[in-house]
Amino acid sequence: METRCRIFESRFLHLFMLFLLSFTPISASVGNAGKVFDEMSLNIQDKAALLMFKSQVRDPGQRLVWVRSGCGNWTGVGCSRWNGRVLALNLTGFNLSSQLHSSLCKLSSLETLNLSRNNLDGPIPPCFGYFWNLKNLDLSYNMFSGAIPNTLMKLSRLTNLDFAHNMFDEMLPYWIGNFSLKLQKLELGYNSFHGEIPEGLLHLKSLKFLDLSHNNLSGNLPDFGQSLEHLNLESNSFSGTLPCLSSSIDSLLLLNLARNSLEGGIPTCVSSLRALTHLNLSSNQLSYEISPRFVFSNRLIVMDLSYNRLSGYLPKKILESSEKSGLIVLDLSHNQFSCDIPLDFTELKSLQALFLSHNLLTGEIPSRIGNLTYLQVIDLSHNALSGSIPLNFVGCFQLLVLILNNNNLSGELQPELDALDSLKILDVSNNKISGQIPLTLAGCKSLEVVDLSYNNLSGPVNDALTKWSNLRYLSLAHNKFNGPLASWIFMFEAIQTIDLSGNMFSGNIPDGIFNVSLHFNNGNFNKENPKVPLLDSKLSVVMGDDLHLNYNLSSTVMIDLSDNMLRGQIPDGLFNLHGLEYLNLSHNFLDGQIPGNLQSMWSLKILDLSHNSLSGQVPENVSSLGNLTHLNLSFNYFSGIVNKSKGYWRFSGAFAGNPNLCVESSGSGDGCQTKARPVEPERAYEEGKEDGPISVWVFSVSACVSFYFVGVVLFCSSQTRNFMFGTKD
């Protein structure tokens, strides 16, 4: 028996080898199999349906290259290699527009339909419900509107459905949670769906990924009975308290419930989600203290509890083990925490962004902050922190953003801060910092935004600033800086805002160096009315990627030199900046006339030259500045006539306090009257110093004359003589 088996195996092996050898001549043709299949002719019915679809849509980029009959020659079309039926149609990002034609529904064998990132509009054809074999349907990033047709409940094999970023404005279909027992991914975000979440969606066992963010959904936030991995309900109107989501305790990776109306405390059961990597509960109405048992696993990467009403102490322990921490972003800003910054935060070694601003934090910044060597962004602004800026910040050598404004910090800027050579944003405004700007800060060559305003800094502005070649925003306002303005102060190519107001700068405004900045000379900006410069630092964190810093600098293109002691004439070059929107030179001692090239500032919206000693006539081309909304030339020495018909009536009070200026009344024809310029206290003091000797001489003469006159009158009185000399008549 054993011998027979061996003979059989031997013969079988030989036959198998002969089979392989006989197959060898055919192998050459197998290499061309792909080409044969690519040349497989499209099914006639499907080909006609596609050509009809092409004729119905606008294709400005001519992306629909559909020629010949071979399936491989039709862009975005995938078909069966056996019968030529279309199985997949992927036209994402083709810039197609128009409504969908029902001819597309004749592709009855479709398994994947992707029309995302186009400009398609109108309703979804009801006949889409006849794609019996469809598994993936993506119509995201279009302009589809109306209701989702009920016929789509027939798509029982669907695993992925994406209608995000459209204009649907009806209630979620009642059947959306039970039409396909294979549905794993449902994305309906960025629409206008309203109403509550259908009950069936809460128990669909196959569902792993649910995104209903940025809609108008409401009702109490429900608990979900399936094992979810991704739950995003951001920017809706859900109310009630936070659910525990216990069915997803081992699976949920991302939980985003931001920008809703959730209230109450944060239950400790949320920290039991062991797989959680991203938690965002920001912008709700959550309150009370955070429990000490609110401790997450070391898998947590991002935690954002900002913009709530949380109070009490900051949680000392956030993760099970700080040594194995993977936490990258911690945002507890805009709450009501009142305590010192816990030292435990300095042990979160992987931390790249720390936001604790807009709380009631006290005490000093921990000196061990330099332990966070991966830190890129730290914002401790709008608290009551005291002490000095820790020198150990230099340990955070990857730091990009340092925001400490609106605290009670004191001391001086340390020269060692030049080690932060990657720093882009430095904001220590509204503190009590004194001393001078260290020369060594020239080493911070990456700086783009610097705000040192509202402190007690003094001395001249040194040349260290010239090394900040990427500077976009500079504010030294309301300090005690003095000396002349350096000739390089306006020579930064990327500068957008320069604010030197409220100091003691003296001398003339440097001329001839205003045409360097691209912002000052580019008049193509289309912005809203000027507003107070606002620095908004925000982060965009993508799961699995490193931290990406995106900050939005919302600021007027402006130059503010007001409230200093500048003298001389206004340089012509300053009035030749096409892109400048805000110019304030008020409260100085400038003289001469307004430069005649004012019409070149066509982007100008605010011009304030008040409280100077400017003279001459008001240029008529001021009224030609169509964007100008605020004009103030008051308290100068302008002369001549201001004709209201030129449009100056738009600027109420713009010419007050000019004694030789005639401002015509609108339509009266009665001419005008001039009024003496009121004496300003600061100028009275300045003029008093010049007229002092004359005033003393006049006072002395008038006093002697008055004394002589009174003496004569008294001596001529008999009663006075009798009293003084004791005589009797």
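Residue indices begin from 1 for each chain and proceed along its sequence in written order. This being a predicted model, a pLDDT of at least 70 is required before a residue's local features are given, and a value of 80 or more before pairs of side-chain atoms are given or counted; all residues contribute to the totals for chains, interfaces and linings. To obtain the side-chain values, all non-hydrogen atoms of the structure were used and water was disregarded.

### Focus on the nonpolar core
Working step 1: Counting residues in hydrophobic clusters, the biggest one holds 174 residues, and the most contacted among them are Phe128 and Leu137.
Working step 2: Of all the secondary structure elements, the ones that give two or more residues to this core are α4 (44-56), β1 (77-79), β2 (86-90) and β44 (637-642).
Working step 3: Under the DSSP-based scheme used, a helix requires at least four consecutive residues in state H or I and a strand at least two consecutive residues in state E, with every element numbered from the N terminus. For this core, the element with the most residues is α4, which contributes 3 residues.
Working step 4: Contacts: residue pairs with any heavy atoms within 4.5 Å of one another. If we ignore the near neighbours within four places in the chain, the residues touching Leu137 are Leu113, Phe128, Leu152, Leu155, Leu158, Asn160, Leu161, Asp162 and Phe163. Grouping buried Ala, Val, Leu, Ile, Met, Phe, Trp, Tyr and Cys residues that are joined through side-chain atoms within 4.5 Å yields what is termed a nonpolar core. Only protein chains enter the calculation, and the probe is 1.4 Å; a residue is then buried if its accessible area is under 20% of its type maximum, exposed if over 50%, and partly exposed in between.

### Some details on α4
Working step 1: For a helix, the expected span equals 1.5 Å multiplied by the number of residues minus one. With 13 residues, α4 extends 19 Å between its outermost C-alpha atoms, agreeing within 8% with the 18 Å of an ideal straight helix rising 1.5 Å per residue.
Working step 2: Where α4 is concerned, the buried positions are Asp46, Ala49, Leu50 and Phe53. Taken around the axis of α4, the buried residues stretch over an arc of 95°, which confines them to a single face. α4 presents Ile44 and Ser55 as exposed residues on the side facing more than 90 degrees away from its buried surface.
Working step 3: Looking at the buried positions of α4, the neighbouring elements they touch are β1 and β2. Each direction from the helix axis to a C-beta atom contributes to the arc, which is the arc of those directions.

### What to know about the confidence of the model for the chain
Working step 1: A residue's pLDDT is the predictor's confidence in that residue, given on a scale from 0 to 100. Averaged over the chain, the pLDDT score is 84; the fraction of residues at 70 or greater is 80%.
Working step 2: In this model residues 538-545 is a low-confidence stretch, pLDDT under 50, and it forms 18 contacts with partners more than four residues away in sequence or in other chains.

### Description of the pairing of strand β21 (residues 309-312)
Along a regular strand, successive side chains alternate from one face of the sheet to the other.
Working step 1: Side chains Leu310 and Gly312 of β21 all project onto a buried face; the interleaved residues Arg309 and Ser311 project onto a face where none is buried.
Working step 2: When DSSP locates at least two bridges between a pair of strands, those strands are taken to pair. Bridge count between strand β19 (residues 285-289) and β21: 3 bridges; the pairing is parallel. Along β21, the bridge assignment pairs Tyr288 with Leu310.

### Some words on empty space enclosed by the protein
Working step 1: Cavity means a closed set of points on a 1 Å grid over the protein atoms alone, one where a 1.4 Å probe fits but cannot get out, pocket means an open set with protein on both sides within 12 Å along at least 5 of 7 lines, and lining means a residue has an atom within 4 Å of a point. Grid points are joined across faces, edges and corners, and a volume is the space filled by probe spheres set on the points. Counting across every chain of the model gives 1 cavity of 30 Å³ or more.
Working step 2: Counted as a void, the largest cavity has a volume near 40 Å³.
Working step 3: Surrounding the largest cavity, Leu402, Leu417, Leu420, Leu423, Leu426, Leu441, Cys444 and Leu447 form its lining.

### Let's talk about the side chain of Asn256
Working step 1: Counting through the fold element by element, Asn256 comes out in strand β16 (residues 254-256).
Working step 2: Within the structure, the side chain of Asn256 is placed 2.9 Å from the side chain of Glu234, a separation counted as a polar contact.
Working step 3: With residues up to four places along the chain from it excluded, the contact list for Asn256 reads Leu231, Asn232, Leu233, Glu234 and Asn280. In protein, a polar contact requires one atom able to donate a hydrogen and another able to accept it; more generally it is a pair of N or O atoms within 3.5 Å, and residues adjacent in sequence count only if both atoms are side-chain atoms.

### Points about the environment of Ser613
Working step 1: Here Ser613 shows up in strand β42 (residues 613-617).
Working step 2: Counting along the chain gives 45 residues from Ser613 to Asn658, while the straight-line C-alpha distance between them is 9.8 Å.

### Structural notes on the environment of Glu263
Working step 1: Here Glu263 shows up in strand β17 (residues 263-264).
Working step 2: Separated by 21 residues in sequence, Glu263 and Asn284 have C-alpha atoms that sit 6.9 Å apart.
Working step 3: Beyond its immediate stretch of four places on either side in the chain, Glu263 contacts Gly240, Thr241, Gln285 and Leu286.

### Regarding the sheet that holds strand β23 (residues 336-337)
Working step 1: With parallel pairing, the 4 strands of this open sheet are ordered in space as β17-β19-β21-β23. Strands at the two margins of the open sheet, each flanked by one partner only, are β17 and β23.
Working step 2: Bridge count between β21 and β23: 2 bridges; the pairing is parallel. Residue Gly312 lies in a different strand from β23, and its bridge partner there is Phe337.

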